[in-house]
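A look at the structure
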Amino acid sequence: MNIGIFYGSTTGVTEQVAEKLGSLLNAKVFHAGDIEKILEFDTAILATSTWGIGDIQDDWIGPLEKLKSLNLAGKKIGIVGVGDQEAFSSSFVNGMRDLYIAATEANATIVGSTSTDGYSFDESTAIENDKFIGLVIDESNQSNLTDERIEKWIVNFK
């Protein structure tokens, strides 16, 4: 399968998750600024952290608009959110919602929703039908679960 991974990262955690996914899926990994390369892939994974009070990571600000304007019909898109459920319990991984909306507006098929079980937070806009809209990683509080969560999630892309 031809997979591209696109990420925005401030502290390096989201980049590390993207690189790990890339290694496990034999995928090419790109910075969000290269979003136009998404058209070269049948499947893509979009990864972001959440900052402030639920804002998408800054690297995505320009590329997000570009993403919305692309025609991704027939492409599968997975979304990854990195966040801190304790410090940002009321806006946990909200940045994922922006990627979800942009990919949906571009006519992509979103895959890889995950259970909210095992997380402890107050609110998140990254939930549809009682599930997260993608893979959620909390390296601050649950780094011991990261590898297991990634392994379970990547079956959506094999």
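Summary of the structure given here. Just so you know, the residues in each chain are numbered from 1, in the order the chain's sequence is written. In keeping with the model being predicted, local features are shown solely for residues with a pLDDT of at least 70 and side-chain atom pairs are shown and tallied solely at 80 or more, while totals for entire chains, interfaces and linings include all residues. Based on all heavy atoms of the structure, the side-chain values leave hydrogens and waters out of the count.

Looking at the side chain of Arg149
- The way it works is that DSSP assigns letters per residue, a run of H or I at least four long becomes a helix, a run of E at least two long becomes a strand, and they are numbered from the N terminus. You can see Arg149 is positioned in helix α5 (residues 146-153).
- Contacts between residues were defined by any pair of non-hydrogen atoms, one from each residue, lying within 4.5 Å. The residues contacting Arg149, other than those within four sequence positions of it, are Gly118, Tyr119, Leu135, Val136, Ile137 and Gln142.

Structural notes on the sheet that holds strand β9 (residues 131-132)
- Strand pairing follows a simple DSSP-based rule, namely that at least 2 bridges must link the two strands. Ordered by their spatial adjacency, three strands build an open sheet running β7-β9-β8, and the pairing between neighbours is antiparallel. Each having just a single partner strand, β7 (114-115) and β8 (127-128) make up the two edges of the open sheet.

Topic: the environment of Asp34
- Take Asp34: it is sitting in the loop between β2 (28-31) and β3 (43-51).
- Separated by 108 residues in sequence, Asp34 and Gln142 place their C-alpha atoms 30 Å apart.

Let's talk about the environment of Ala73
- Mapped onto the elements of the fold, Ala73 is located in the loop between α2 (61-69) and β5 (76-82).
- When the C-alpha positions of Ala73 and Ala106 are compared, they lie 7.0 Å apart, and in sequence the two are 33 residues distant.
- Apart from the residues within four sequence positions on either side, Ala73 is in contact with Ala106 and Asn107.

Quick notes on the packing of α2 against helix α3 (residues 95-105)
- With axes taken as lines fitted to C-alpha atoms, and helix axes fitted only over the stretch in contact, angles between N-to-C directions fall between 0 and 180 degrees. Close contact between α2 and α3 brings their axes to 6 Å; oriented N to C, the two are set at 30°. Between α2 and α3, the angle is such that the two are roughly parallel. Two packed elements cross with a definite hand, and for α2 against α3 that hand is right-handed. Note on element contacts: α3 touches α2 through Asp98, Leu99, Ala102, Ala103 and Glu105, opposite Leu64, Leu67 and Lys68.
- Here the term charged refers only to Asp, Glu, Lys and Arg, the term nonpolar to Ala, Val, Leu, Ile, Met, Phe, Trp, Tyr, Cys and Pro, and the term polar to all other amino acids, Gly among them. For the contact of α2 with α3, the residue count by class is five nonpolar, no polar and three charged. If an angle is under 35 degrees, it is roughly parallel; if it is over 145, roughly antiparallel; if it lies from 65 to 115, roughly perpendicular; otherwise it is oblique. Each helix crossing is assigned a hand: it is left-handed if the near helix lies turned anticlockwise from the far helix by less than a right angle, otherwise right-handed if that turn is clockwise.

Section: the environment of Lys37
- Note on placement: Lys37 falls in the loop between β2 and β3.
- A sequence separation of 23 residues divides Lys37 from Thr14, and the C-alpha atoms of the two residues are 19 Å apart.
- With residues up to four places along the chain from it excluded, the contact list for Lys37 reads Phe6 and Phe30.

A look at the nonpolar core
- Core analysis: the largest hydrophobic core is formed by 31 residues, its most contacted members being Phe6, Ile38, Leu46, Trp60, Leu72, Ile77 and Phe132.
- Mapped by element, the contributors of at least two residues to this core are β3, α2, β5 and α3.
- Per-element tally for this core: the top contributor is α3, with five residues.
- We call a set of buried Ala, Val, Leu, Ile, Met, Phe, Trp, Tyr and Cys residues a nonpolar core when their side-chain atoms join them within 4.5 Å. We call a residue buried when its accessible area falls under 20% of the maximum for its residue type, exposed when it is over 50%, and partly exposed in between, using a 1.4 Å probe and counting protein chains only. Formed by 19 residues, the second largest nonpolar core is a distinct cluster that contains Val17, Val80, Ile150 and Phe157.

A word on the pattern of salt bridges
- For this document, the term salt bridge refers to a Lys or Arg side-chain nitrogen within 4 Å of an Asp or Glu carboxyl oxygen. Summed over all chains, the structure comprises four salt bridges.
- Arg97 serves as the salt-bridge partner of Glu128, at 3.0 Å between the closest nitrogen and oxygen. Of this pair, Glu128 sits in strand β8 while Arg97 sits in helix α3, placing them 31 residues apart in sequence.
- The class of Arg97 is buried, set by a relative accessible area of 17%.
- Notably, a salt bridge pairs Glu148 with Lys152, separated by 3.2 Å at the nearest N-O pair. Of the two residues, Glu148 and Lys152 both sit in helix α5, four residues apart, roughly one turn of that helix.
- Lys152 sits in the exposed class, given a relative accessible area of 59%.

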